[in-house]
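Structural features, examined
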Amino acid sequence: MSKIPVILSIAGSDSGGGAGIEADIKTIASLGLHPACAITSVTAQNTLGVRSAYDIPCNVIIEQVDAVCEDMDITWAKSGMLSSSEITSTVADMVKKHKLKLVVDPVMSAEAGGDLLRKEAIRTLRDELLPVAEVVTPNINEANTLAKMQIKTVEDAKIAAKVISKTGIKYVIVTGGHLDASDIIYDSCNDRYFTIPGTFVEGGTHGSGCTYSSSLASYLAKGHSIEEAARMAKEFVVEGIKGSVPVGKGVGPVNQLAWLLNNAERCITINNARDGVQLLKESNAFANLIPEVGCNIAMALPSAKSPADVAAVTGRIVKLKNNAHVVGDIEFGASSHVARIILTAMKYDSSFKASVNIKYSEAIVGICREMGLSISSFSRENEPSDTHTMDWGTSFAIETFKSIPDIIYDKGGIGKEAMIRIMGKNAIDVAETARKIAEKYQP
Ligand SMILES: Cc1ncc(COP(=O)(O)O)c(N)n1
């Protein structure tokens, strides 16, 4: 059995389940690593703010860290809420004792309101904890406090990162949720900066700092460079913010499982497209249905919004010596034509996530009719000038039929090959239909 890294989170508990230890455990587990934890404070908290906090006695924090470090092989840890100078100092001692590589999230207050750090502990954080840590991940407000600055621009954030690095820490990452959404990394060993670009996204952000720092520690534990880990951690948080669901009356919590679920959906979708392609490849007759321009089979993610969310064959499927020849791999964003057809159909019925285009002939349409498939069509001559043919044509055929038909065809136009599209719920279904049509077709 191969071992998986264990990440130790030394942080406070959020009874609301959005931030703190609860966020860290979900994040680390989602990334396939084992989360261990040492609780520093128990907060009575919800999405509206912190009601109270009970600090765990230092000896109990020490016992928790000793217990897991003496048993498990732990290299990377992260710290979150360390409310007092004593707790901060204790954690610094434990980091040294167990030779932990530490990512520090310098938690100071809860986003929804409530201080989580006593003022006098800021000095201990700066003087004792940062010198023994690897990375610190302040947001703009935290960077202002640590660097004693008022950051207004990305240039200011760079200066602040360098100021904070004077504590002796290797990397300072100023997260940019308040500036232009990019994150600034300062590497003090090599005196260089990296910028991780980003765009603002809508969604719940409670727990975003905790989620970022624990995903960063996880990616570092997996062996990624600081730049790679920071890019991937940002992506993890962005998916969590986009995927957040409101669970209270205040600031919505980041959904730490969104990244994992999206990944699972992507695997399911790619595998389905791959199985569909395999069916077409194995069919002896399918090559006879391949149009001059080639064909593609595509399968969309359930939440697909653009061709980037649709898996298809990168170089289409072409006819080569009477065989179906698959050119390239199956990837997201590989099709624009078939992807647009699916995206349009999904606006009417989101369960129709797949399509394959095949050659048009009256005989083939006749076979479809005999097979009992529902059929609709559009004519390129009627297309308004300001539209995209596949968006308009698919909509037209669906609206005339009053639901999504199995088959949408058009007879082509000047320089445009006539085409049939098979519509379906997944790539295996549409490939099966294509195979059955092919078996009945005598070219
Ligand atoms: C126990 C604990 N740790 C950290 C945070 C900060 O998270 P946020 O700033 O998103 O509220 C929190 N609210 N509670």
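Residues numbered from 1 in each chain as written. Predicted model: local features only at pLDDT ≥ 70, side-chain atom pairs only at ≥ 80, totals over all residues. Heavy atoms only, no water.

As recorded in an unreviewed UniProt entry, the protein chain goes by Phosphomethylpyrimidine kinase and comes from Methanolobus tindarius DSM 2278.

Of regular secondary structure, the protein chain possesses 13 helices and 18 strands. When each of the 443 residues of the protein chain is scored for burial, the buried share is 53%. Put simply, of all contacts in the protein chain between residues at least 6 apart along the chain, 67% involve residues at least 24 apart. When the accessible surface of the protein chain is summed, it comes to about 19,900 Å², and 50% of that surface belongs to carbon and sulfur atoms. Between the centroid of the 45 positive side chains of the protein chain and the centroid of its 51 negative side chains there is a distance of 3 Å. (Helix = DSSP H or I, 4+ residues; strand = E, 2+ residues; numbered from the N terminus. Buried < 20%, exposed > 50% of the residue type's maximum accessible area, 1.4 Å probe, protein only. Contact = heavy atoms within 4.5 Å. Areas by Shrake-Rupley, 256 points an atom, 1.4 Å probe, with all protein chains shown as cover. Lys, Arg positive; Asp, Glu negative; His and termini not counted. Charge placed at Lys NZ, Arg CZ, Asp CG, Glu CD.)

Attention now moves to the site of the ligand. Around the ligand sit 16 residues, and of these Gln45, Ala110, Glu111, His206 and Gly207 come closest. Between a nitrogen atom of the ligand and a side-chain N or O atom of Gln45, the distance comes to 2.7 Å. Between an oxygen atom of the ligand and a main-chain N or O atom of Glu111, the distance comes to 2.9 Å. Looking at the shell around the ligand, the elements that each hand over two or more residues are β1 (6-14) and α7 (208-221). Tallied by class, residues from the shell around the ligand come to six nonpolar, nine polar and one charged. (Near = heavy atom within 4 Å. Polar contact = N/O pair within 3.5 Å; in protein donor to acceptor, adjacent residues only side chain to side chain. Nonpolar A, V, L, I, M, F, W, Y, C, P; charged D, E, K, R; others polar.)

Before going further, it helps to spend a moment on a nonpolar patch on the surface. Residues Leu257, Leu260 and Leu261 make up a contiguous nonpolar surface patch of about 250 Å² in total accessible area. Counting through the fold element by element, Leu257 comes out in the loop between α8 (226-242) and α9 (258-282). In this structure Leu257 comes out as partly exposed when scored by relative accessible area, which is 38%. (Patch = residues over 30% accessible without salt bridge, like charges linked within 9 Å, V, L, I, M, F, W, Y side chains within 5 Å. Salt bridge = Lys/Arg side-chain N within 4 Å of Asp/Glu carboxyl O.)

Before going further, it helps to examine the domain arrangement of the protein chain. Taken domain by domain, the protein chain comprises domain 1 (6-255) and domain 2 (262-440). One C-alpha centre belongs to domain 1, the other to domain 2; they are set 47 Å apart. (Domains from an automatic or database assignment.)

So, about the environment of Gly248. You can see Gly248 is positioned in the loop between α8 and α9. In this structure Gly248 comes out as partly exposed when scored by relative accessible area, which is 38%. Sequence separation between Gly248 and Gly16 is 232 residues, and the spatial gap between their C-alpha atoms is 8.9 Å.

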